[in-house]
Amino acid sequence: MSRLPPPLPWPAGARAAASFTFDLDAESGLLWERPEVAGRASVITHQSYGPLVGLPRLLDLLERHRVRSTFFVPGWTAERYPGAVRDVVAAGHEVGHHGYLHEQPSALTEAGEVTALDRGLEALEAVAGIRPVGYRAPMWDASWRTGRLLAERGFLYDSSLMDGDSPYELAVDAPAAGGPASVVEIPIHWALDDWERYAYLPDLVGSGLIEAPAVARAVWEAELDGLRSAGGCWVLTCHPFLTGRPGRALELERLLERVLGMDDVWLAPLEDVARHTRSLGLTPRVLTPPEVPSTPAPVTTTPVQS
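Note that this is a predicted model, so its numbers are computed, not measured.

Conventions and cut-offs
- Residue numbers restart at each chain and count upward from 1, following the sequence in its written direction.
- Given that the model is predicted, a residue must reach a pLDDT of at least 70 before its local features are reported, and side-chain atom pairs must reach 80 or more before they are shown or counted; all residues, however, enter totals for whole chains, interfaces and linings.
- Note: side-chain values were computed over all heavy atoms of the structure, leaving out hydrogens and water.
- Where helices and strands are cited, they refer to DSSP runs of H or I of at least four residues and of E of at least two residues respectively, numbered from the N terminus.
- Based on C-alpha atoms, the radius of gyration is set beside the globule rule, defined as 2.2 Å times the residue count to the power 0.38.
- Exposure categories follow from relative accessible area, calculated using a 1.4 Å probe and restricted to protein chains: below 20% of the type maximum is buried, above 50% is exposed, and the middle band is partly exposed.
- Here, residues are in contact when the closest pair of their heavy atoms is within 4.5 Å.
- An axis is simply a line fitted to the C-alpha atoms; with a helix, the fit covers only the stretch in contact. Between two such axes, the angle follows the N-to-C directions and lies from 0 to 180 degrees.
- Put simply, angles under 35 degrees are roughly parallel, angles over 145 are roughly antiparallel, angles from 65 to 115 are roughly perpendicular, and the rest are oblique.
- Two strands form a pair only when DSSP identifies at least two bridges running between them.
- For this analysis, a salt bridge means a side-chain nitrogen from Lys or Arg found within 4 Å of a carboxyl oxygen belonging to Asp or Glu.
- Here a pair means two rings of Phe, Tyr or Trp (six-membered ring of Trp) with centres within 6.5 Å. Their orientation is stacked below 30 degrees between planes, edge-to-face above 60, and tilted elsewhere.
- Cation placement over rings: the criterion is NZ of Lys or CZ of Arg within 6 Å of the ring centroid and within 35° of the ring normal.
- Expected helix span is computed as 1.5 Å times (number of residues minus one).
- Throughout, the bend at a residue refers to the angle made by two axes, fitted to the seven residues ending there and to the seven starting there.
- Side-chain atoms within 4.5 Å are what join buried Ala, Val, Leu, Ile, Met, Phe, Trp, Tyr and Cys residues into a set we call a nonpolar core.

### Looking at the overall build of the protein
Part 1 of the reasoning: Scanning the protein from N- to C-terminus turns up 11 helices and nine strands.
Part 2 of the reasoning: Taken against the 2.2 N^0.38 rule, which gives 19 Å for 306 residues, the C-alpha radius of gyration of the protein at 20 Å falls within 12% of a compact globule.
Part 3 of the reasoning: Across the 306 residues that make up the protein, the buried fraction comes to 52%.
Part 4 of the reasoning: For the protein, long-range pairs separated by at least 24 residues make up 76% of all intrachain contacts whose partners lie at least 6 apart in sequence.

Shown next, in the form of structure tokens:
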């Protein structure tokens, strides 16, 4: 008997689920942590390639294959590139919340996290006329209070945590304003992120080793094959300023074609995955931060001078 939890039942008898997702960070991915880069034109244009060129290429790719995806958008990006976000909506894709200026939730106070959430919601409503049901923590670094704050605002799901192969219901503290007592969690992990393969900016990001697109695809396919075998949910995260480059987009299209050729994999945007998960009536899981035991301070000694 397996010690693993049984896989979720997927729609139409599928064996596993898959979703291609995109984080439309643009410059916000750097500006919150390093505001001084606003004065560096080369750095800024590396990021703005996303909404200006990469996004149109990826939208064309998805349209060719009639695939709906999820785009997580910071509110600041929506305000700076409103046409890009409206193009995503007009193409029929889901737009999720991704902070305001790509703020790292675990580095904020509760008041700061609330401000980032509410300001991002206001920006997406003003620019695209939408209120997202899904959220992804910038830098994939949620705080322990993030789930509660999302439930209080009526979010259906989060996609920021890394402790499962399949979605689950994440229990939250009793929320204010009558929100639900859980949010659906759709796990992600670092191997399924193009940032780890392609991101490089001198003295800012990366080691200088930029992966070949074929190697990136091989890594993602290995994870796809594993999660398909396990009956899990494969969630790929790409950034238009990275994977929107021509050679990388070609490999992404080859990967998409392979997924589309799998008749036992349900390919869907994350909202659909979350609504299916919610329909299963799963018992919410309770996650608690670890208690770190106190340890004696290290003993320091003064060297003997001769």
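### Points about unusual backbone geometry
Part 1 of the reasoning: Positive phi values are uncommon outside glycine, yet R66 reaches one of about 55°.
Part 2 of the reasoning: Residue classification places R66 among the exposed positions, given a relative accessible area of 80%.
Part 3 of the reasoning: Even without being glycine, W140 reaches a positive phi, approximately 50°.
Part 4 of the reasoning: As for its placement among the helices and strands, W140 is situated in the loop between β4 (134–135) and α6 (146–152).
Part 5 of the reasoning: The buried category is assigned to W140, whose relative accessible area is 8%.

### As for the packing of helix α2 (residues 41–64) against helix α4 (residues 82–90)
Working note: a packed helix pair is described by the angle between its axes plus the distance between those axes.
Part 1 of the reasoning: Two numbers describe how α2 lies on α4: the axes approach to 10 Å, and their chain directions differ by 5°. Accordingly, the angle class assigned to the pair α2 and α4 is roughly parallel. Across from P51, L55 and L59 in α2, the residues of α4 making contact are A84, D87 and V88.

### Quick look at the pairing of strand β2 (residues 70–73)
Part 1 of the reasoning: On β2, burial covers both faces: T70 and F72 on one face and F71 and V73 on the other are all buried.
Part 2 of the reasoning: Strand direction decides the pairing type here: strand β1 (residues 16–23) and β2, joined by three bridges, are parallel. Bridging across to β2, D23 finds its partner in F72.
Part 3 of the reasoning: In this sheet, strand β3 (residues 94–97) lies alongside β2 in parallel orientation, the contact comprising four bridges. Bridge pairing links T70 to E94 in β3.

### Observations concerning the pattern of salt bridges
Part 1 of the reasoning: The tally for this structure, following the rule as stated, stands at 21 salt bridges.
Part 2 of the reasoning: As a salt-bridge pair, D203 and R40 come within 3.2 Å of each other at their nearest N and O atoms. With D203 in the loop between α7 (195–198) and α8 (213–230) and R40 in the loop between α1 (28–31) and α2, the pair connects residues that are 163 residues apart, well separated along the chain.
Part 3 of the reasoning: Since its relative accessible area comes to 29%, R40 is described here as partly exposed.
Part 4 of the reasoning: E251 serves as the salt-bridge partner of R217, at 2.4 Å between the closest nitrogen and oxygen. One end of the pair, R217, is in helix α8; the other, E251, is in helix α10 (residues 246–260), with 34 residues separating them in the sequence.

### Examining the packing of aromatic side chains
Part 1 of the reasoning: Under the criterion given, the structure shown has seven aromatic pairs.
Part 2 of the reasoning: Ring centres 6.2 Å apart and planes at 40° place the aromatic pair W10 and W266 in the tilted group. Remark: W266 occurs in strand β9 (residues 265–267) and W10 occurs in the segment before β1; sequence separation between them is 256 residues.
Part 3 of the reasoning: By relative accessible area, which is 5% here, W10 ends up buried.
Part 4 of the reasoning: Ring geometry for F22 and F71: centres 4.9 Å apart, planes at 20°, overall stacked. With a gap of 49 residues between them, F22 in strand β1 and F71 in strand β2 connect regions that are remote in the sequence. In this structure, F22 and F71 share a single accessibility class: buried.
Part 5 of the reasoning: Directly above the ring of Y49 sits R245, whose terminal nitrogen or CZ lies 3.5 Å from the centroid.
Part 6 of the reasoning: Here the basic side chain of R248 rests over the ring of Y198, its NZ or CZ set 4.1 Å away from the ring centre.

### Focus: α2
Spacing of three or four residues puts side chains on the same side of an α-helix, whose turn is 3.6 residues.
Part 1 of the reasoning: In this model α2 runs 33 Å from its N-terminal to its C-terminal C-alpha over 24 residues, within 8% of the 34 Å that 1.5 Å per residue would give.
Part 2 of the reasoning: Of all bends in α2, the biggest is about 45°, found at G54, and the proline P56 comes one to four residues later.
Part 3 of the reasoning: Immediately downstream of α2, the backbone of R66 shows phi near 55°, a positive value.

### As for the nonpolar core
Part 1 of the reasoning: Ranked by internal contacts, the top residues of the largest apolar core, which has 53 residues, are F20, F22, F71, V73, W220, W234 and L236.
Part 2 of the reasoning: Take this core: its biggest share by element is seven residues, from α2.
Part 3 of the reasoning: Setting aside anything within four residues of it in sequence, one finds L236 in contact with S19, F20, T21, L192, W220, L252 and L255.
Part 4 of the reasoning: By size, the runner-up hydrophobic cluster in this structure holds 19 residues, among which are L8, A14, W266 and V273.

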